[in-house]
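Inside the fold
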Amino acid sequence: MCLAVPAKVLEINGNVAIVDFGGVKREARLDLLPDVEVGDYVIVHTGFAIEKLDEERAKEILEAWDEVFRITRGEELPRGY
């Protein structure tokens, strides 16, 4: 199974960005998305930014991941989920 995860772009140096996955910083290649800027959200797959997201959509995806992690840890979700 492959995962593509949203990350926020913190720095750009040529075709390499430093991205933040909720506090974990990694490098991501920008070869496929030359118009990315610092502050943008991108989907990263196998070290490459493959899609640019608006902030609202990125936060929706990250909240969904948080829900999955909480369920797998056996935590109860707040009412309304």
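Here we summarise the structure given alongside this text. (Residues numbered from 1 in each chain as written. Predicted model: local features only at pLDDT ≥ 70, side-chain atom pairs only at ≥ 80, totals over all residues. Heavy atoms only, no water.)

The next subject is the pairing of strand S2 (residues 16-21). Where strand S1 (residues 5-13) lies against S2, 5 bridges are found, and the strand directions are antiparallel. Of the residues in S2, the one forming a bridge with Glu11 is Ile18. With antiparallel pairing between neighbouring strands as the criterion, S1 and S2 make up a hairpin whose turn holds 2 residues, including Gly14 at a positive phi of roughly 65°. As paired elements, S2 and strand S3 (residues 24-29) share 6 bridges and run antiparallel to each other. Bridging from a neighbouring strand, Ala17 pairs with Ala28 of S3. (Pairing = 2+ DSSP bridges. Helix = DSSP H or I, 4+ residues; strand = E, 2+ residues; numbered from the N terminus.)

Turning our eyes to something else, we now look at the nonpolar core. Ala7, Val9, Ala17, Val19, Ala28, Leu30, Leu33, Val36, Val42, Val44 and Ala49 together form the largest nonpolar core, which totals 11 residues. Contributing elements (two or more residues each) for this core: S1, S2 and strand S4 (41-45). Among all residues touching Val36, those that are not within four sequence positions of it are Val9, Ile12, Leu30 and Val42. Among the nonpolar cores identified, the runner-up in size contains 5 residues, and Tyr41, Leu53, Ala58 and Ile61 belong to it. (Core = buried A, V, L, I, M, F, W, Y, C linked by side-chain atoms within 4.5 Å. Buried < 20%, exposed > 50% of the residue type's maximum accessible area, 1.4 Å probe, protein only. Contact = heavy atoms within 4.5 Å.)

Any functional reading would require information that these geometric values do not contain.
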